[in-house]
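Fold and geometry: a report
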Amino acid sequence: MRLFTPPDDGDAELDARLAELPAPARAGFALQVLDGLDRAEAAEVLAWAGVEAPADSARAGAELLRAARTPDWSDLPPGYDACTVHLQPGDLLRRRRLAVVAAAVAVALTAAAVPVLAPSGSDRPAASTPLPRQVVAERRADDLWRGTAKLGLAVWPARGELRDDSALVGRATAAWQQAGPPTAVPQLLYAGRLDGTPVVLLTDGRSLARYTEEPAGPALALAPAGDSDVTAGAAVVLRRDDRGARYLLAPWIASAATRRLDRPDEAERPLAFPGGVTDPVPGTAAPGCPGPALQLRSDPVVAEQHAFLLADLGGLAPAHLTYTPPPDASAQARPPREAVGPQALRRWAAGACAIPEAGPGVRQLNLWEFADQKLPQNGGELGWACLRADHWDGTGSAAAAVLPRTVVAPNGWRTRTAAPAAATNRTPSPSTAGAPPTAPPTSWSPPAAGSPA
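In this text, all values refer to a predicted model and were calculated from it rather than measured experimentally.

**Considering helix H7 (residues 342–351)**
Buried within H7 we find Ala344, Leu345, Arg347, Trp348 and Gly351. All buried residues of H7 fall inside an arc of 165° around its axis, so they share one side.

Following this line, the structure appears as structure tokens:
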């Protein structure tokens, strides 16, 4: 593509005279010819632009204008109008369809230039700023996820019976642009009707946007979703109502089930998801605790025997639950793993309501069991855990918790933690915690524990 002003054979003389003038004088000339300003108005605009001698520059431009306006003067040649430009592709035979774009660009340039040249206090109406172009949402191929090395929302196909409804999807993208424009061309993840309500789900790679057309009017919900992956990009909430939440699952999910975190020994319940959309999942969590958990299993194409848990925290994307077991005999911290084994489920049942926060901005929750302890005088056993919440923006918070197994102790235990590093590091960090009884002890020894340094 090339941008140029239309040539004119009669421009040579004027071009030579303009070349003899300094740039501020040429600007004064253009203001008086193109914008119809008088000498005083041109000087005012030049002063506003920071010209050191605006009056002299305007006077020089006026003198050239008087000299150029001979009896055969008709108008300024088009080559000198900075607002009149042509945009032309290199190959007109194959790219004539760009002529419409060229005309639109020329109009936009003209409209944008006029307000800049309009002087302060002018009574002429300023040209309106052109509205942003309507963005058309992109769509991914249905099987893109099967051949990519990086799974996440970016490889989701568009699903839903209304995905070809360009008017509905257009209203959704327009609503997102008005709320705070997306950082890239939106990608359509879903467009369908749930319980009679049109729902559109979009992403720009950093955020999720859910647009619904409720009886009370359109509604838009935004949530962070940057750097999604096989687990953090595996489910998105499409709708909530009295029956629970309905999720859109990633295309690589082979099976789905629900699980009560407070009932670790209870088997999971299969969950149907025709077309990727689940049946309603009832909310069963207490305030401040993770909601019902989805137990999902990836397609063997992605990973063999890969199951993981997601917990509803009230946002568009559920949080990924992981578990870090106690250090082994070498006292080396172990890496987090999926919280689907019997021991992980029992620890989460004891510590779920001790998470540092339960909000829609949490991406992952990890329970690190950093110590196991036998209490004196046959008082039973305690497990100590550091629970960490990682946000989508990379920040996090942490808290310590006592995970009782078989404890014979006074009522009213409370924990005291010193784990500042755990709030900033994603890997397990040295932590200490204590749990003195609130009731006066008799022969009871207040327990405390620390992780390996």
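Having seen the structure, we can now continue with the description.
**Section: the sheet that holds strand S5 (residues 207–214)**
On the basis of which strands lie adjacent, the open sheet formed by four strands has the order S3-S4-S5-S6 and antiparallel pairing. Each edge of the sheet is formed by a strand with only one pairing partner; in this case those strands are strand S3 (187–194) and strand S6 (217–224). Averaged over all adjacent pairs, the angle separating strand axes in this sheet is 15°, with direction ignored. Bridge analysis of S5 against S6 gives eight bridges, and the strand direction is antiparallel.

**Notes on the environment of Leu261**
You can see Leu261 is positioned in the loop between strand S9 (253–259) and strand S10 (269–270). Look at Leu261 and you get buried, because its relative accessible area is 9%. Linking Leu261 and Ala352, residues 91 residues apart in sequence, is a C-alpha distance of 7.4 Å. Setting aside its immediate chain neighbours within four residues, Leu261 contacts Pro290, Gly291, Ala293, Leu309, Leu321, Leu345, Trp348, Ala349 and Ala352.

**A few points about the side chain of Asp204**
Counting through the fold element by element, Asp204 comes out in the loop between strand S4 (197–203) and S5. At 6.3 Å, Arg206 is the nearest oppositely charged side chain to Asp204, a buried residue that forms no salt bridge. At a separation of 2.9 Å, a polar atom in the side chain of Asp204 contacts the main-chain amide nitrogen of Arg206. A distance of 2.7 Å separates the side chain of Asp204 from the backbone nitrogen of Ser207, its partner in a polar contact.

**Section: the nonpolar core**
With 37 residues, the main nonpolar core has Leu208, Trp252, Leu294 and Leu296 as its most contacted residues. Of all elements in the fold, only S3, S4, strand S7 (235–241), strand S8 (244–249), S9, strand S11 (293–298) and strand S12 (307–311) reach the threshold of two or more residues within this core. The next biggest cluster of nonpolar side chains, apart from the first, holds 22 residues, and it includes Leu261, Ala311, Ala339 and Ala344.

**Here's the deal with the pairing of S7**
Burial within S7 is extensive, with five of its seven residues counted as buried. Sheet topology note: the S7/S8 ladder contains six bridges and is antiparallel. Residue Val236 lies in a different strand from S8, and its bridge partner there is Leu248. Between the antiparallel neighbours S7 and S8 lie two residues.

**Topic: the side chain of Gln32**
Mapped onto the fold, Gln32 is located in helix H2 (residues 23–34). Residue contacts for Gln32: discarding those within four places in its chain leaves Leu37, Asp38, Arg39, Ala42, Ala58, Gly61, Ala62 and Leu65.

**Comments concerning the pattern of salt bridges**
By the definition in use, this model includes 17 salt bridges. A salt bridge links Arg243 to Asp241; the nearest nitrogen and oxygen atoms lie 3.8 Å apart. A relative accessible area of 30% places Asp241 in the partly exposed class. Across the salt bridge formed by Arg263 and Glu266, the nearest N and O atoms sit 3.5 Å from each other. One network of salt bridges, in which partners are shared, links Asp195, Glu214, Arg239, Asp241, Arg243 and Arg246.

**Describing the packing of aromatic side chains**
Under the counting rule described, the total for this entry stands at one aromatic pair. Ring geometry for Trp368 against Phe370: centres 5.6 Å apart, planes inclined by 55°, an arrangement best described as tilted. Taken individually, Trp368 and Phe370 each receive the classification buried, so the pair is uniform in this respect. Directly above the aromatic system of Trp156 lies the positively charged group of Arg159, at a separation of 5.2 Å from the ring centroid.

**Examining the environment of Pro198**
On the secondary structure map, Pro198 appears in strand S4. For Pro198, a relative accessible area of 10% gives the class buried. Leaving out residues up to four positions away in the same chain, Pro198 has contacts with Leu168, Gly192, Arg193, Tyr211, Thr212 and Glu213.

**Comments concerning the confidence of the model for the protein**
Predicted confidence across the protein gives a mean pLDDT of 77, with 70% of residues reaching 70 or more. Across residues 1–5, where pLDDT falls below 50, the model places 17 contacts with residues more than four positions away in sequence or in other chains.

**Re the packing of H2 against helix H4 (residues 54–68)**
With their axes 7 Å apart at the nearest point, H2 and H4 run at an angle of 60° to one another. When the axis of H2 is compared with that of H4, the two are oblique. Classified by chirality, the crossing of H4 by H2 is right-handed. Between H2 and H4, the residues in contact are Pro24, Ala25, Gly28, Phe29, Gln32 and Val33 and Ser57, Ala58, Ala60, Gly61, Ala62, Leu64 and Leu65, respectively. Of the residues that constitute the contact of H2 with H4, the class distribution is nine nonpolar, four polar and no charged.

Basis of the calculations
- Residue positions are given per chain, counting from 1 as you read along its sequence in written order.
- Local features in this predicted model are restricted to residues whose pLDDT is 70 or higher, and side-chain atom pairs enter the listing and the counts only when it is 80 or higher, whereas totals over whole chains, interfaces and linings include all residues.
- To get the side-chain values, take all heavy atoms of the structure and skip hydrogens and water.
- Relative accessibility under 20% of the residue-type maximum defines a buried residue, over 50% an exposed one, and the middle range a partly exposed one, all with a 1.4 Å probe and only protein chains included.
- In DSSP terms, a helix is any run of H or I states spanning at least four residues, a strand is any run of E spanning at least two, and both are numbered starting from the N terminus.
- Read the arc as the range of directions from the helix axis to the C-beta atoms.
- Only strands that DSSP links by at least two bridges are regarded as paired with each other.
- Lines fitted to C-alpha atoms define the axes here, with helix axes fitted over just the stretch in contact, and angles between the N-to-C directions of these axes take values from 0 to 180 degrees.
- We call two residues contacting when some pair of their heavy atoms lies within 4.5 Å.
- Under this rule, positive means Lys or Arg and negative means Asp or Glu; His and the chain ends count for nothing.
- Take a side-chain nitrogen of Lys or Arg and a carboxyl oxygen of Asp or Glu: if they are within 4 Å of each other, that pair is a salt bridge.
- Polar contacts, as counted here, are pairs of nitrogen or oxygen atoms within 3.5 Å of one another; within protein the pair requires one atom able to donate a hydrogen and one able to accept it, and residues that are adjacent in sequence qualify only if both atoms are side-chain atoms.
- Within this scheme, the nonpolar core is defined by two criteria: the residues are buried Ala, Val, Leu, Ile, Met, Phe, Trp, Tyr or Cys, and they are joined through side-chain atoms within 4.5 Å.
- Two rings belonging to Phe, Tyr or Trp (six-membered ring only in the last case) form a pair when the distance between their centres is within 6.5 Å. Interplanar angles under 30 degrees mark stacking, angles over 60 mark edge-to-face geometry, and anything in between is tilted.
- Cation placement over rings: the criterion is NZ of Lys or CZ of Arg within 6 Å of the ring centroid and within 35° of the ring normal.
- Across the chain, each position has a pLDDT score giving the predictor's confidence in that residue, from 0 to 100.
- Note on angle classes: values under 35 degrees are labelled roughly parallel, values over 145 roughly antiparallel, values of 65 to 115 roughly perpendicular, and the remainder oblique.
- Crossing chirality is assigned from the near helix's rotation relative to the far helix, an anticlockwise turn below a right angle marking it left-handed and a clockwise turn marking it right-handed.
- Think of it as three bins: nonpolar holds Ala, Val, Leu, Ile, Met, Phe, Trp, Tyr, Cys and Pro, charged holds Asp, Glu, Lys and Arg, and polar takes everything else, Gly as well.

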